[in-house]
Amino acid sequence: MNHTNGNEITSLIDIYGSNVFNDSVMRQSLPKETYKSLRETIEDGLPLNPQVAEVVASVMKDWAISKGATHFTHWFQPMTSITAEKHDSFISPTPDGHVILEFSGKELIKGEPDASSFPSGGLRATFEARGYTAWDYTSPAFVKDGSLYIPTAFASYTGEALDKKTPLLRSMDALNRQALRVLRVLGNKTIKRVTTTVGPEQEYFIIDKKLFDQREDLILTGRTLFGAKPPKGQEMEDNYLGQLGDRISAFMSDLDTELWKLGVASKTKHNEVAPAQHELAPIFTTTNIATDHNQLTMEIMRKVALRHGLVCLLHEKPFASINGSGKHNNWSMATNDGQNLLEPGKTPHENIQFLLFLSAIIKAVDDYADLLRVAAASPGNDHRLGANEAPPAIVSIFLGEQLTDILDQIETGGATKSKSGSSMHLGTNSLPSLPKDTTDRNRTSPFAFTGNKFEFRMVGSMQSIAQANFVLNTIVAESLCQFADWLEKSKDVQKEINTIILEVIKDHKRVIFNGNNYSDEWVVEAKKRGLPNIRNTVDAIAVIRAEKNLALMEKHGVLSRIEMESRCEIQYEIYIKTVNIEGLTMVEMSKRQILPAVIRYKTDIASSISSILAVGGNAEIEKVLFTKISESMMSFSTNIAKLEKAIENAANLHGNTKDQAITYRDTVFKTMGELRNDADILETMVNTDYWPIPTYSKLLFNI
Ligand code: ADP
Ligand code: MG
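(A) Looking closely at the site of ligand 1. Looking at ligand 1, there are 15 residues lining it, with Thr197, Glu201, Pro282, Phe284 and Arg441 nearest. Separating an oxygen atom of ligand 1 from a side-chain N or O atom of Glu279 is a distance of 3.3 Å. Residue Pro282 places a main-chain N or O atom 2.6 Å away from an oxygen atom belonging to ligand 1. In isolation ligand 1 offers 570 Å² of accessible surface; the protein chains occlude 79% of this area. Elements with a contribution of two residues or more to the shell around ligand 1: strand E11 (194-208), strand E13 (277-282) and strand E16 (327-335). Element by element, the count of residues in the shell around ligand 1 is highest for E11, at four residues.

(B) Highlighting the coordination of the magnesium ion (ligand 2). Looking at the metal site, the magnesium ion (ligand 2) is ligated by Glu201 (OE) and Glu279 (OE), spaced 2.2 Å from it. Of this pair, Glu201 sits in strand E11 while Glu279 sits in strand E13; the two residues are 78 residues apart in sequence, bridging distant segments of the chain. In terms of burial, Glu201 and Glu279 fall into one category: buried.

(C) A look at empty space enclosed by the protein. Inspection of the entire model under this criterion finds one cavity of 30 Å³ or more. Space inside the largest cavity adds up to approximately 50 Å³. Taken together, Val20, Trp75, Ser139, Pro140, Phe142, Leu262, Asp292, His293 and Leu296 make up the lining of the largest cavity. Of the residues contributing to the lining of the largest cavity, the split by class is six nonpolar, two polar and one charged.

(D) Inspection of the nonpolar core at higher detail. Residues Met333 and Leu399 are the most contacted members of the largest nonpolar core, which totals 122 residues. Considering each element in turn, this core owes the most residues, 15 residues, to helix H19 (residues 561-614). For Met333, the contacting residues outside a window of four places in its chain are Leu175, Val194, Thr195, Thr196, Thr197, Gln339, Asn340, Leu341, Leu342, Phe357, Ile361 and Val476. With 24 residues, the next largest nonpolar core counts Phe21, Leu30, Met60 and Ala64 among its residues.

(E) Representation of the packing of aromatic side chains. Inspection of the entire model under this criterion finds 21 aromatic pairs. These aromatic residues form a ring-pair network of at least three members: Phe354, Phe447, Phe449, Phe454 and Phe456.

(F) How the structure looks around a nonpolar patch on the surface. Taken together, the side chains of Met424, Leu426, Leu431 and Leu434 make up a nonpolar region of the molecular surface, amounting to roughly 310 Å² of accessible area. Summarising the element assignment, Leu426 is placed in the loop between strand E18 (423-424) and strand E19 (434-435). Overall, the relative accessible area of 42% leaves Leu426 in the partly exposed class.

(G) Region of the structure containing the side chain of Thr537. Tracing the chain through its elements places Thr537 in helix H17 (residues 537-541). Accessibility expressed as a relative area gives 1% for Thr537, which makes it buried. At 3.0 Å, the side chain of Thr537 and the backbone oxygen of Ser378 are in polar contact. Here Asp382 takes part through its side chain, which lies 2.6 Å from a polar atom of the side chain of Thr537. In this structure, Thr537 is in contact with Arg373, Ala377, Ser378, Pro379, Asp382 and Tyr575, ignoring residues within four places of it in sequence.

Rules and cut-offs
- Residues numbered from 1 in each chain as written.
- Chains lettered and ligands numbered in written order.
- Predicted model: local features only at pLDDT ≥ 70, side-chain atom pairs only at ≥ 80, totals over all residues.
- Heavy atoms only, no water.
- Near = heavy atom within 4 Å.
- Polar contact = N/O pair within 3.5 Å; in protein donor to acceptor, adjacent residues only side chain to side chain.
- Areas by Shrake-Rupley, 256 points an atom, 1.4 Å probe, with all protein chains shown as cover.
- Helix = DSSP H or I, 4+ residues; strand = E, 2+ residues; numbered from the N terminus.
- Donors = N, O, S within 2.8 Å, 3.2 Å for Na, K, Ca; no water.
- Buried < 20%, exposed > 50% of the residue type's maximum accessible area, 1.4 Å probe, protein only.
- 1 Å grid on protein atoms, 1.4 Å probe; cavity = no way out; pocket = protein on both sides within 12 Å on 5 of 7 lines; lining within 4 Å.
- Points joined across faces, edges and corners; volume = space filled by probe spheres on them.
- Nonpolar A, V, L, I, M, F, W, Y, C, P; charged D, E, K, R; others polar.
- Core = buried A, V, L, I, M, F, W, Y, C linked by side-chain atoms within 4.5 Å.
- Contact = heavy atoms within 4.5 Å.
- Phe/Tyr/Trp six-rings, centres within 6.5 Å; stacked < 30°, edge-to-face > 60°.
- Patch = residues over 30% accessible without salt bridge, like charges linked within 9 Å, V, L, I, M, F, W, Y side chains within 5 Å.
- Salt bridge = Lys/Arg side-chain N within 4 Å of Asp/Glu carboxyl O.

Treat this as a map of the structure, not an account of what it does.
Dropping the structure here:
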């Protein structure tokens, strides 16, 4: 990687993290005592000392100014799909007409943005506008676009979480508490902290900005609401890991540089399965930082694309008929002394600690599959989950051959061996023998063990990963809590551990499925096993109110009942608003673009028919086309009226958001499908010169 800076070539090592107030900057610039105290605060999860904040603020300000910052902003993650920021400059005027630059500990710790224009799900009335942001010192501050960005949590005047970060931090504490209890009964007295780690793989589409600008649906909703299937889709399997074209390559390289400056460890980039689809994966880090970094990654992707005359589409399903985009949330647990608790080692059957933590996860995923499902529920993701696309809406776990075999052995009397990975000869001595993994991959599983971590694959490409992770952390904390309650009282810990593992296998093996998750047989089989199959967002949201889920979040201090209720309301509202905007956009495009274009074309056919007849010709073919277009047009125009009416009725339902969301799903969303179908048929009949919006072929195969 080269980055030209005047005539100098700055190396990647110099660029990496250059805009981050990271540990090395802190160590160099903070007084020794302050540095030590802040490190302890971060590492041991202690409360912050206000005097430390004062010193940090002053040093942070000088560092930020040296990086070109004139402002600072508390950066937070409200319940929308993007982050929020309000910038204040460092200036403070002096009586003699100059300014000095100031930034206090108080300003670092606390901000007071007006909370009334963010979703609160009824947590506060509009007149109670006060909200607070609080510095999250576990995620490093950084400089971007002339401002010092301070990662913060966002809460209401009464202390309820109004954001995605607060429950995530609380859930990390909960998991830490319970994991430490389990490690202590296992005899470990030295581990001080267990954190969860995440590496989110981010999928996205890139299209040409000039074409994007011609489509109101993409501009307003992020997805194409119309578009006939192109003659070529992804069937040739020639895009996945295909060569990067020059424009994409230039974009990706610029993107990497921007991310590296911000300390985001962007590692892997490649073309994905669908045409125009790509992926970026960073190196994993602690969940909280990974979540912040994923928000930054999405933002920077969009910005950098524009610089290249491109648009980055993060929607889960920008195009019908080809794959949508998701986010694979790779998750594990790490101790402060560097152990990965999901590392099975060479002989996992003897690794009691590993098997116990594995059991905790299996139990958690089975007990709270519904909470994981709702963490991946969004109107955009409905087009993937449960809609004949990967992954399905049924939550199940893939363990692979080796672990499944060990669990089978335990169930039938005790595990005595671990199947090991063999080596593989490729039939010629010109190639090296390859060590084989202990298990193959399963691309269809929504929750797969991949060597030393679990990969939760249901999350949508546009969603924050916060909810997926606070749910994962909390449900695993609950299993660990139950194990610890049991083991702390036990006289023979070894024996009890074996009992626990055996019971988990017996009670929860129904959630383990190593087969093809896309098959129809699995849907039938999962039903037999009693696994939930929640087909859409509206049904998923309802589980937030289930007593077992409210009790779980309350018990671990992650979300109170009031906070859960507000999140439930917010998710219904988001669904309603999204479908409403999509419906209105369809009506507008249908009436003002598609219908007029079809009329123009039809009129021209009519005049060719008269001209042909006037010279005594036979206009049979033209007449057939005319009739076919007339028929489709009739259905199209009927459906426009039907959609308009459905939107009006749904919008006028007042009162219960759940009922309103159901109405939007069953009437507006359904009619949108019918209208689209008509338009897509018309598209295949109308001369391309008349068609008012760029087609799929143009959008997908243009770069
Ligand atoms: P794939 O082959 O599944 O596409 P990638 O290399 O694209 O894999 O992504 C794997 C992700 O998993 C990376 O972000 C990687 O850093 C992350 N990962 C690896 N180990 C862990 C771990 N212990 N905890 C969390 N994430 C991890
Ligand atoms: Mg990947």
